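Summary of the model geometry
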Amino acid sequence: MQRLDGKILSEKLRAKLREGVEQLQAEYGFVPGLAVVLLGEDPASQVYVRNKGRQCVEAGMQSFEHVLPASVTQKDLLELISKLNADDQVDGILVQLPLPSHLDSNTVLQAIDPDKDVDGFHPMNVGKLASGLPGYVPCTPLGCLKLLQHYIGDVKGKYAVVVGRSNIVGKPMAQLLLQQDCTVTIAHSKTRNLPELCQSADILVAAIGKPLFIKGDWIKPGAIVLDVGINRITDTDGKHKLVGDVDFQAASAHASAVTPVPGGIGPMTIACLLLNTFQAAINRRGLAA
């Protein structure tokens, strides 16, 4: 069983990005900038944002962090986004989700300049992905695709099942696999005969947000398994640990390749965020990629 190591591949991507950033600075006198907006004090979001900022700086990019109280009004948040849209040092804007319940996520995401939408959530970029046009792709599905391309290679003609239908992972993942000439089915928690459907997949993507939901005997022998889930559970010893949506140990007995949790998709998500920011900096200035 092959372990699809996102940590190793993300380090390679960030090293290549740093070279690109140094070249931009030497030739054109600027470095890409990423602005991250965090609302409230959710510990998991704080850790994630810190990691994004640290890796942004390690790649030689500028990192702008804006931490707002969870009680912020929609008007004040939209005013900040407007300022970031107009700031020429900012090439990418990311508003950390989920937002507090009193804010309208759709309105907030649509307020971001599509040319700075490095999360790929603006309807314009969603439409471009669905139409096969160049745009910004959500970072987690893009990370999954890059893992497949690096470790597996050509997946043309394979049957893929994506378990999860979110706008963040499930739907864009299906679009990317279609572009790779896979045959794709999107399933979810209410899909009938889900175990049998999973057993038919050459590529199984688990993005349902339920710890250890996908069992080992749901997996076709020789299948490739991409586990997008990151869930914190308490084990029998009372210790907290991170697990995916797939039972990794059980899956390893059936699959030919599996992403671990942690160390699989997670590191690739941040690396692809930096990649999108780098591309946005180039695109906004009309430079060749």
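My aim in this report is to walk through the structure given alongside it, one point at a time.

Parameters and conventions
- Residues numbered from 1 in each chain as written.
- Predicted model: local features only at pLDDT ≥ 70, side-chain atom pairs only at ≥ 80, totals over all residues.
- Heavy atoms only, no water.
- Salt bridge = Lys/Arg side-chain N within 4 Å of Asp/Glu carboxyl O.
- Helix = DSSP H or I, 4+ residues; strand = E, 2+ residues; numbered from the N terminus.
- Buried < 20%, exposed > 50% of the residue type's maximum accessible area, 1.4 Å probe, protein only.
- Pairing = 2+ DSSP bridges.
- Contact = heavy atoms within 4.5 Å.
- Axes fitted to C-alpha atoms, helices over the stretch in contact; angles between N-to-C directions.

With respect to the pattern of salt bridges
- Per the stated rule, a full pass over the model turns up 7 salt bridges.
- Between Glu58 and Arg54 there is a salt bridge, with its nearest N and O atoms 3.2 Å apart. Here Arg54 and Glu58 lie together in helix H2 (residues 43-58), a separation of 4 residues that amounts to about one turn.
- Judged by relative accessible area, which is 41%, Glu58 ranks as partly exposed.

A short note on unusual backbone geometry
- Here the amide bond leading from Leu97 into Pro98 is cis, since omega sits at 0 degrees, within 30 degrees of zero.
- Looking at where Pro98 falls in the secondary structure, it is placed in the loop between strand E4 (92-95) and helix H4 (105-111).
- With an omega of 0 degrees, the peptide bond between Val261 and Pro262 qualifies as cis.
- Along the polypeptide, Pro262 turns up in the loop between strand E11 (257-258) and helix H10 (265-284).
- For Asp181, which is not a glycine, the phi torsion comes out positive at approximately 65 degrees.
- Here Asp181 is to be found in the loop between helix H7 (170-179) and strand E6 (183-187).
- Unlike most non-glycine residues, Leu212 shows phi in positive territory, near 55 degrees.
- Note on placement: Leu212 falls in the loop between strand E7 (203-206) and strand E8 (224-227).
- For Leu212, a relative accessible area of 29% corresponds to the partly exposed category.

Thoughts on the sheet that holds strand E5 (residues 159-163)
- Spatially, 6 strands are ordered E1-E11-E8-E7-E5-E6 in an open sheet, and the strand pairing comes out parallel. Taken across any chain shown, the strands that pair with only one partner, and hence form the sheet edges, are strand E1 (2-3) and E6.
- The sheet contacts of helix H6 (residues 139-152) involve E1, E7, E8 and E11, and relative to E8 the element is tilted by about 150 degrees.

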